[in-house]
Amino acid sequence: MTKVFGSFVANDHIDLTIEPGEIHALLGENGAGKSTMMNVLYGLYDADGGDILLDDKPVTFAGPGDAVAAGIGMVHQHFMLVPVFTVAESVALGYEPTKSVGLIDLAEARKKVREISSRFNFHLDPDARIEDLPVGAQQRVEIIKALSRDAKILILDEPTAVLTPQETDELISIMRQLKEQGTSIVFITHKLREVRAIADSITVIRRGKIVGEASPESTEAELASQMVGRAVSLTTEKDEADPGDATFQVRGLTVVDKAENVVVDDVSFDVRRGEILAVAGVQGNGQTELAETIIGLTQPRLGSITLDGKNIVGQSVKDRLGSGIGFVPEDRSTDGIIAEFTIRENMILDVYDRPPYAKGLNLKPAVINDEAKKKVEEFDIRLGSVVDPIATLSGGNQQKVVLSRELGRDLRLFIASQPTRGLDVGSIEFVHKRVIAERDAGTPCLIVSTELDEVYGIADRIAVMYSGRIVGVVGADTSREALGLMMAGVPADEALAATAAPDENDAATAAPETNSATTSAEEAK
Amino acid sequence: MTAQNTTAATPAAKTSAQSKALTPIAWKFPITYTILALVSLIFFGLIGRDGETTFRIATSGDLFAIPDVVVSSTVAGLILSLILVVMAATSVYLALKRITLAAWFPMVFGILFVVSFLAWAGGGSGGVIPLTTLLAGALALSVPLIFGAMCGLVGERSGIINIAIEGQLLAGAFLAAVVASVVKNPYAGLLAAPIAGALVAVILTFFAVKYWVNQIIIGVVLNVLVVGVTSFLYSTVLTEDPELWNARQKLPDLPIPLLSDIPILGRVLFDQNILVYIMYVVVIALQIFVFRSKWGLRMRAVGEHPKAADTVGIKVNFTRVRNTLLAGAIAGLGGAFFTVGSGLAFGKEMSAGQGYIALAAMILGKWNPKGALLAALLFGFSKSLGNTLQSIGTPVANELLLMLPYIVTVLAVAGFVGRVRPPASSGVPYVK
């Protein structure tokens, strides 16, 4: 199978065989072409070459409808659910049971949801609205959607990206259950731990090509080197932190969004000089708003933010940047860079008006050019010329430009949101090294990340956020299970106690997830 | 297990308690109420006008006659104003307590204020306020608005913003008049009107869906186009031989036996021509079908999250085109009310901006048929009120009265809509 976008070959003659009743993992880095391939298979894109054979018979899909009819179901990375619909409506959409004159037989739709939901212990209320459900439950709605159409092959595209570790474990057990009932599963991921936990067979993709099969018994390091194409170190090397004074303090910070929801709720913490505090948590629990409030994009309703003994609440973003805050925004492509601007212009976006880059009303192009070239060297940015638009760079190199800009000044505080989202393994290593170097230079660092691997890789201390609050600040040696519980809202001491006692371990990891899922759904009503 | 449950529940409870304490006091409504109450008290009550105001309720042929209500202008003004002041005070108190007002509160307040105003306006001139005429006028003026708002909401619920309602109304009015005149049968005009509206929608969807042109721009351009085409044909063809091309044809009134003899409401609602009855059916049918039918579910899906609809095999663009054409037909029907519905010949630009007011009604009604109906009735009523006051003669300048519906529209859309959520993908072309 081949798929070409313009001059970019996303899938280059890929052959893949899925056996009935197996879990087949498709392993590859971001941008390797895994999702593209599955979207072709699901009929969303047209293939530019190749055949799809189902039970040895060639099939062509004009659209997803044909793929569904052939027994292929897909759970997309970004859920295909209408937020204002109920669970029953979402499952019924496209395959509506109807009464006379086209009215939907809602009783029938609800029954179908309850039936599948109880078969797999999903605990889903057919009348709950999608937008009120936590992502784990939304994912189960997606699975019910596929199953209600008798899917024989289920494609899961990065299903664990948005889940807590406990939700991930639950998903893995659901996948096992499905497999026992004869469903084949294609599991797309770049997370090595999960692949080894569940897959029967593994296909590794790199730059649109299949680079080989791997066995689930391979070590993570073997899988990683196959995925990246060279040996990689999975652990980031760093010395023990040598923290100094707590020069950055947040006290009782409360932020309310336009719809009057409390998104950051009475948050207090310190970051000391020379340490990295990582903010962990599932996406959408207030981390974004917290970071934006510290830099001044959002105004807090209550609380103070103190940097070097001065409360910076009420200061403009420009003043805050001036007092030495470096900020790497979460969404690089929309907030971190201006795509049409050149690389060197993007390097001075927040310092364009000061020496040495400017004098009076004039910019000094020669200085800007020289500085840009120095930074390109220092940050190992792969580019053609510094006057090319930044949009021509890969994600990893764009992020290096952002980092070079933010780390290029003397900082009193460094904040980065999701600094390695969507980057390849090489760039991730580089970003982590630079952040640790900044720490060692004595800057307090605040890193927001939803990737637990990253949190463990760089954090000296970990703050876990859940529904706008900081559930607890714990050491970097806290177990994955305990962090997972905290990410579902369990206070730190309880989470640590629950995971410390080995007997309760199983019960505790299985129970709280379903509970918090159902309770938050009920609360939302 | 229970322990986990409680830990998950308590923080959420705390959050909501805190958010209440943090909510800034909403002063907008209490201030509005207080100003209106004081205006009523000072101008309609204390200063007032001597004389009596008669509210005429009965019309000939009613099932039972209700005598006219005669009140002293100042006394009525004072009593009503005092009630308004009490209500305003209540709203201030509730705002301080951060309690949201019930939905009936603004309605009751509005009705009392209008009655207070009428009592004042009718006084002095010894005027008679014909209630039935006032309400019948309100319904009549609302008909094109209601059809237009239904058109708009079907379009936007499917993801196509339709600014061209104005043009569709005008096209419907034009074709209805011409066809009815040529065939010499008003019902023929009624059949032609939806075709005209749908034709405008064809152009809209052609550019919006096939070429991804900005839907607001194409809508505005279509409005200007329809004004141009109809005006051109009017001055070249229609005025050449008005007897053939533009003769008046009126849909006959079809009073429903018994129901139409009920005083006030029966008169207003059930002594109408077929177009108004069609409107009732359209509104009720949409209210049911948008939310409970297969058609409605798919329409809302392509308007909210077209890609999700695509992944379950729904043809997004086909659904959008089909529904927008249907919506155009509905607006075309509304246009017929200007000509065959009211028994008038076609006149240049006779839709007079009603399509835009219909859009406002749709937004104020939060994209719900029921809500859009009420909003359109509010606008229709304010216009009818202006007309009635003009005819009985009041101290308020005519020009100000003519502005009334638009002032109400601006206030309603700007101030009272609050948080609304349009369909998420409305106006966004679906490109694979």
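Sequence positions are assigned chain by chain, starting from 1 and proceeding in written order. Working convention: letters from A go to chains and numbers from 1 go to ligands, in the order in which they are written. Local features in this predicted model are restricted to residues of pLDDT 70 or higher, and side-chain atom pairs are both shown and tallied only at a pLDDT of 80 or more, whereas totals for entire chains, interfaces and linings draw on every residue.

As annotated in an unreviewed UniProt entry, chain B carries the name Nucleoside ABC transporter membrane protein and is attributed to Brevibacterium sandarakinum. Per UniProt, chain B has the following entry under Subcellular location (unreviewed entry): "Cell membrane". UniProt positions are given in the numbering used here, feature names are shortened, and annotations may be inferred rather than shown by experiment.

A. Spatial organisation of the overall build of chain A. Along the backbone of chain A there are 19 helices and 22 strands. C-alpha atoms define the radius of gyration in this analysis, and the globule rule sets the expected value at 2.2 Å times the number of residues to the power 0.38. Rg of the C-alpha trace for chain A: 25 Å, near the compact-globule value of 24 Å for 525 residues, within the 12% margin. Counting over 525 residues, chain A shows a buried share of 48%. For chain A, the proportion of contacts with a sequence separation of at least 24, taken over those separated by at least 6, is 67%. In this text, helices come from DSSP runs of H or I with a minimum length of four residues, and strands from runs of E with a minimum of two, each type numbered from the N-terminal end. Buried, partly exposed and exposed are defined by the number of other C-beta atoms within 10 Å of a residue's own C-beta, namely 20 or more, between the two limits, and 12 or fewer respectively, with C-beta atoms placed from the backbone. Whether two residues are in contact depends on their C-beta atoms, placed from the backbone: they are in contact if these lie within 7 Å.

B. Here's a closer look at the overall build of chain B. Looking only at helices and strands, chain B features 17 helices and 5 strands. The C-alpha radius of gyration of chain B comes to 25 Å, within 12% of the 22 Å expected for a compact globule of 432 residues. Across its three principal directions, the C-alpha atoms of chain B cover 80 × 60 × 40 Å. Put simply, chain B has 432 residues, and 46% of those count as buried. Within chain B, residue pairs in contact and separated by at least 24 positions form 78% of the contacts whose partners lie at least 6 positions apart.

C. Just the sheet that holds strand β21 (residues 461-466) of chain A, in detail. Residue and element names in this part refer to chain A. Reading across the sheet, the 6 strands line up as β16-β19-β20-β13-β21-β22 and stay open at both edges, with mixed pairing between neighbours. For this open sheet the edge positions go to β16 (325-328) and β22 (469-475), each flanked by a neighbour on one side alone. The sheet shows a mean angle of 15° between the axes of neighbouring strands, taken without regard to direction. Note on pairing: DSSP must find at least two bridges between two strands before they are called paired. With 4 bridges joining them, strand β13 (residues 276-280) and strand β20 (residues 445-448) adopt parallel strand pairing. Along β20, the bridge assignment pairs L277 with L446. In this analysis, axes come from line fits to C-alpha atoms, helices being fitted only over the stretch in contact, and the angle between any two N-to-C directions falls in the range 0 to 180 degrees.

D. Just unusual backbone geometry, in detail. Residues and elements named next belong to chain A. Between P355 and P356 the backbone carries a cis peptide bond, its omega angle lying at 5°. Residue position: P356 is located in the loop between α12 (343-346) and β17 (358-359). In this structure, D55 is a non-glycine residue whose phi angle is positive, near 50°. Mapped onto the fold, D55 is located in the loop between β4 (52-54) and β5 (57-59). Judged by local crowding, D55 falls into the exposed class, with 9 C-beta atoms found within 10 Å. If you check the backbone angles, D56 has positive phi at about 70° while not being a glycine. Within the element layout of this structure, D56 appears in the loop between β4 and β5.

E. Layout of the environment of G426(A). Residues and elements named next belong to chain A. Inspection of the secondary structure puts G426 in helix α15 (residues 425-440). Its 15 C-beta neighbours within 10 Å are what place G426 among the partly exposed residues. As for G426 and G396, which are separated by 30 residues in sequence, their C-alpha atoms are 8.6 Å apart.

F. Here's a closer look at the sheet that holds strand β11 (residues 248-256) of chain A. All names here are of chain A. Read across the open sheet, the 4 strands follow the order β12-β11-β14-β15; overall the sheet is antiparallel. Across the chains shown, the open sheet's two edge strands, defined by having one partner strand only, are β12 (262-271) and β15 (310-311). Here helix α9 (residues 287-295) sits on the sheet and contacts β11, β12 and β14 (302-307); the angle it forms with β12, its principal contact strand, is near 65°.

G. Spotlight on the nonpolar core. Counting 154 residues, the largest nonpolar core has I155(A), A278(A), V464(A) and M486(A) as the members making the most contacts within it. Excluding anything up to four places from it in sequence, V464(A) contacts A280(A), G281(A), I470(A), V471(A), G472(A), L483(A), M486(A) and M487(A). M87(B), L118(B), V282(B) and V321(B) belong to the second largest nonpolar core, which has 104 residues in total. Residues enter a nonpolar core if they are buried, belong to Ala, Val, Leu, Ile, Met, Phe, Trp, Tyr or Cys, and are joined to the set through C-beta atoms within 7 Å.

H. Region of the structure containing the domain arrangement of chain B. Note: domain ranges come from an automatic or database domain assignment. Structurally, chain B comprises domain 1 (24-126) and domain 2 (134-376). Relative placement of domain 1 of chain B and domain 2 of chain B: their C-alpha centres are 35 Å apart.

I. Representation of the pairing of β12(A). Residues and elements named next belong to chain A. In this structure, β11 lies alongside β12, joined through 6 bridges in antiparallel fashion. Looking at β12, one finds that Q249 is bridged to D270. From the end of β11 to the start of β12, which pair antiparallel, there are 5 residues, and E260 there has a positive phi angle of about 65°.

J. Structural detail: the packing of helix α15 (residues 354-364) of chain B against helix α16 (residues 369-392) of chain B. Residue and element names in this part refer to chain B. In contact at an axis separation of 7 Å, α15 and α16 are set at 135° when each is read in the N-to-C sense. For the element pair α15 / α16, the angle class is oblique. Considering the relative orientation of α15 and α16, their crossing is right-handed. Facing I357, A358, A361, M362 and L364 of α15, the residues of α16 in contact are A372, A375, A376 and F379. Three classes are used: nonpolar for Ala, Val, Leu, Ile, Met, Phe, Trp, Tyr, Cys and Pro, charged for Asp, Glu, Lys and Arg, and polar for all others, with Gly counted as polar. Grouping the constituent residues of the contact of α15 with α16 by class yields 9 nonpolar, no polar and no charged. Note that the term roughly parallel is reserved for angles under 35 degrees, roughly antiparallel for angles over 145, roughly perpendicular for angles of 65 to 115, and oblique for everything else. By convention the crossing between two helices is left-handed if the near helix lies anticlockwise of the far one by an angle smaller than a right angle, and right-handed if it lies clockwise.

K. Focus on the environment of V183(B). All names here are of chain B. Checked against the element boundaries, V183 lands in helix α6 (residues 165-183). Looking at V183, the number of C-beta atoms within 10 Å reads 14, which means it is partly exposed. Linking V183 and L238, residues 55 residues apart in sequence, is a C-alpha distance of 15 Å.

L. How the structure looks around helix α18 (residues 492-500) of chain A. All names here are of chain A. For α18, every residue scored as buried is listed here: A492, A495, L496, A498 and T499. The buried residues of α18 all sit within an arc of 165° when viewed along its axis, so they share a single face. Away from the buried face of α18 by more than 90 degrees, exposed residues D493 and A500 are located. The arc in question is formed by the directions pointing from the helix axis toward the C-beta atoms.

M. Fine view of the pairing of β11(A). As paired elements, β11(A) and β14(A) share 5 bridges and run antiparallel to each other. When the bridges of β14(A) are listed, F248(A) appears paired with L307(A).

N. Layout of the packing of helix α5 (residues 131-158) of chain B against helix α12 (residues 294-304) of chain B. All names here are of chain B. Between α5 and α12, whose axes approach to 6 Å, the crossing angle comes to 65°. Of the residues in α12, those in contact with E156, R157 and S158 of α5 are M299, R300, V302 and G303. Considering only residue class, the contact of α5 with α12 consists of 2 nonpolar, 2 polar and 3 charged.

O. View of helix α11 (residues 274-292) of chain B. Residue and element names in this part refer to chain B. Across its 19 residues, α11 extends 27 Å between first and last C-alpha, which sits within 8% of the 27 Å expected from 1.5 Å per residue. Residues L275, V276, M279, V282, L286 and V290 constitute the buried set of α11. In the core, the buried residues of α11 are packed alongside α5, α7 (186-210), β5 (271-273), α12, α14 (316-341) and α16. The span you would expect from a helix comes to 1.5 Å times its residue count less one.

P. Representation of the confidence of the model for chain A within the structure. Residue and element names in this part refer to chain A. In this model, chain A carries a mean pLDDT of 84, and residues with pLDDT of at least 70 account for 92%. Predicted confidence in chain A is weakest over helix α19 (residues 502-524), with a mean pLDDT of 42, and strongest over β20, with 94. Segment residues 503-525 is flagged for pLDDT under 50; beyond a separation of four residues in sequence, or across chains, it makes 45 contacts in the model. On a scale of 0 to 100, pLDDT captures the predictor's confidence in every residue.

Q. Fine view of the environment of I188(A). Residue and element names in this part refer to chain A. Locating I188 in the fold gives a position in strand β8 (residues 184-189). Note on I188: 23 C-beta atoms within 10 Å, which makes it buried. With 161 residues separating them along the chain, I188 and L27 place their C-alpha atoms 6.2 Å apart. Setting aside residues no more than four positions away along its own chain, I188 makes contact with L26, K34, S35, M38, L156, D157 and E158.

R. Structural detail: the confidence of the model for chain B. All names here are of chain B. Per-residue confidence for chain B gives a mean pLDDT of 86; residues scoring 70 or more make up 91%. In this model residues 1-20 is a low-confidence stretch, pLDDT under 50, and it forms 32 contacts with partners more than four residues away in sequence or in other chains. Predicted complex metrics record ipTM = 0.80 and pTM = 0.79.

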